[in-house]
Amino acid sequence: MNESKNANSAKPAANSMWGGRYANSPSEIMERINASIDFDRRLYRQDIAGSKAHCEMLIAQGVIASDDGAAILGGLDAVLAEIESGDFEFKTALEDIHMNIEARLKELVGDAAGRLHTARSRNDQVATDIRLWVRDAIDSLDSQLKALQEALIAKAETHAGDAMPGFTHLQPAQPVTFGHHMLAYVEMYGRDRARLADCRKRVNESPLGAAALAGTSFPIDRNMTARALGFDRPLANSLDAVSARDFALEFLAAAAICASHVSRQAEELVIWCAPQFGFIRLSDSFSTGSSIMPQKRNPDAAELARAKAGRIYGALTTLLVVIKGLPLAYGKDMQEDKEPVFDATDSLSLMLAAMAGMVSDMTVAPDALRRALADGFPTATDLADWLVRVLDMPFRDAHHVTGTLVGVAEAQGVALDALSLDAMQAVEPRITQDVFSVLSIDASVASRTSEGGTAVELVRQAAAAARERFL
Ligand code: ARG
């Protein structure tokens, strides 16, 4: 085959960063499969921070001369400024963010740039960058979760006293308050924050100084670089430092669980804003119209928040499968950690923003909540409890009697509290007028005073406590 006519054949010049032993440069396909610059450019800030910390340490330890070090530090600041102003040209031929930055550094400060990579490898460099990036992502997701909790608590306070049907199997079960329902999500998002905070402890350890895999013969100070970058400590084992990605898996797992919560709540918003429910109205800013049906108010943001959970589960699965079976230490497979981490973070961030927006903007319809309580006999349990408490019936018998009474009410087409005392006594002669004191919605809610229950006063206290605990 004539090499020169093959589009995938090698080009003449070798890679300037590692091409010492190569006569030819990579083929087009090699370059494409190898390059990560299209996505890992998002690590530029972390990469420059890591390089500056490394350089300062090399100066302090006398590994590089201070004038070279100063040139490098100044040059890294200049590169940062170029990237932030959009003046930086990212090159696929330079593979990744690390080599793009170093190559530009060389153009700016000359030969001194070549000393930056002393006692370092891209293996510890990239592990450092991605840990710094995930740490920032955790911090920003945490503030988004907090903002969402704040919106939910505010709604819970406003609607602490508004009764609605609580559901099991999406069938009316027992009355709860709207505030109670909002606070259930506050708890879930609180655990999401706790999971992320716990994950952050293991993210926040420094790989820098592990070099390629074995450590280095230079007299480096890993504690100094760890401190400079805000890490709690250096990772203890150099092989582990460059090849561990469980911090990213843990982050994605926490993100996936959080996404499951957002998606459950999104589903409820979708249901609640359907006219058949009418529990809430989403604001214009979070609804969309139909191109054919003029009457429509579609909850697209809620539907997409519900759907995007799928991408995040996908990201977790992707990285689990990438890491599975990889021998120590670094392998290029690990370059595939970034896109799932970035996509999951972007998706979750957008989901949380949309959810916070929908919740704070939505209007709740207490009348519709109340109307919905007319269906499904939501105080049937209160009736059974009355039979236990007042007539000393075993609960199973009370359950049976109540079931019969629900059948009678259903046949008459009325709610339980609209049955006559005679009709009740026909089923259970010992029932007295007192039973009606427990059959109203408000009495039912008021009776749920056990810890964590839905009684209005408890919900008010829970909202105040949630402010203390979370905001
Ligand atoms: N772009 C690479 C990554 O993201 C950087 C590390 C490359 N290391 C190497 N030995 N080729 O993983």
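Let us look at the structure shown here.

**Re the overall build of the protein**
Stage number 1. Scanning the protein for helices and strands turns up 18 helices and six strands.
Stage number 2. For a compact globule of 471 residues, the expected C-alpha radius of gyration is about 23 Å, and the protein comes in at 31 Å, more than 25% above that figure.
Stage number 3. The buried share among the 471 residues of the protein stands at 47%.
Stage number 4. The contacts in the protein between residues at least 6 apart in sequence include a share of 73% that link residues at least 24 apart.
Stage number 5. Surface summary for the protein: the accessible area is close to 22,000 Å², and the carbon and sulfur share equals 52%.
Stage number 6. Here the protein contributes 47 positively and 63 negatively charged side chains, and the mean placements of these two sets differ by 3 Å.

**Observations concerning the site of the ligand**
Stage number 1. Around the ligand, a shell composed of Ser36, Asp40, Asp96, His98, Arg122, Asn123, Val126, Tyr330, Lys332, Gln335 and Lys338 is seen.
Stage number 2. Contact distances for the ligand include 2.9 Å between a nitrogen atom and a side-chain N or O atom of Asn123.
Stage number 3. One nitrogen or oxygen atom from the side chain of Tyr330 is found 2.4 Å from an oxygen atom belonging to the ligand.
Stage number 4. Expressed as a share of its isolated accessible area of 340 Å², the protein-covered part of the ligand is 86%.
Stage number 5. Among the elements that line the shell around the ligand, the one with the most residues is helix 6 (residues 122-158), at three residues.
Stage number 6. In terms of residue class, the shell around the ligand is made up of two nonpolar, four polar and five charged.

The rules we used
Note that residues are indexed from 1 along each chain, following the sequence as it is written. Residue-level local features of this predicted model are given only where pLDDT is at least 70; pairs of side-chain atoms are given and counted only at 80 or more, and the full residue set underlies all totals for whole chains, interfaces and linings. Water and hydrogen atoms play no part in the side-chain values, which are based on all heavy atoms of the structure. Secondary structure follows DSSP: runs of H or I at least 4 residues long count as helices, runs of E at least 2 residues long count as strands, and numbering of each begins at the N terminus. Values of the radius of gyration come from C-alpha atoms, whereas the globule rule sets the reference at 2.2 Å times the count of residues to the power 0.38. The rule is simple: take the accessible area with a 1.4 Å probe, protein chains only, and divide by the maximum for that residue type; under 20% is buried, over 50% is exposed, in between is partly exposed. A contact between two residues is defined here by any heavy atoms of the two lying within 4.5 Å. Every accessible area reported is derived by Shrake-Rupley at a probe size of 1.4 Å, with residue values counting cover from the shown protein chains alone. A positive count includes Lys and Arg, and a negative count includes Asp and Glu. His and the chain ends are not counted in either. We put the charge of a Lys on NZ, of an Arg on CZ, of an Asp on CG and of a Glu on CD. Residue proximity to a molecule or strand is established when one non-hydrogen atom of the residue lies within 4 Å of it. By the criterion applied in these results, polar contacts are pairs of N or O atoms within 3.5 Å in which, for protein atoms, one can donate a hydrogen and the other can accept it, and in which residues neighboring in sequence qualify only through two side-chain atoms. Residue polarity is assigned by list, with Asp, Glu, Lys and Arg as charged and Ala, Val, Leu, Ile, Met, Phe, Trp, Tyr, Cys and Pro as nonpolar; anything else, Gly included, falls into the polar class.

Note that all results are geometric; they support no functional claim without further evidence.
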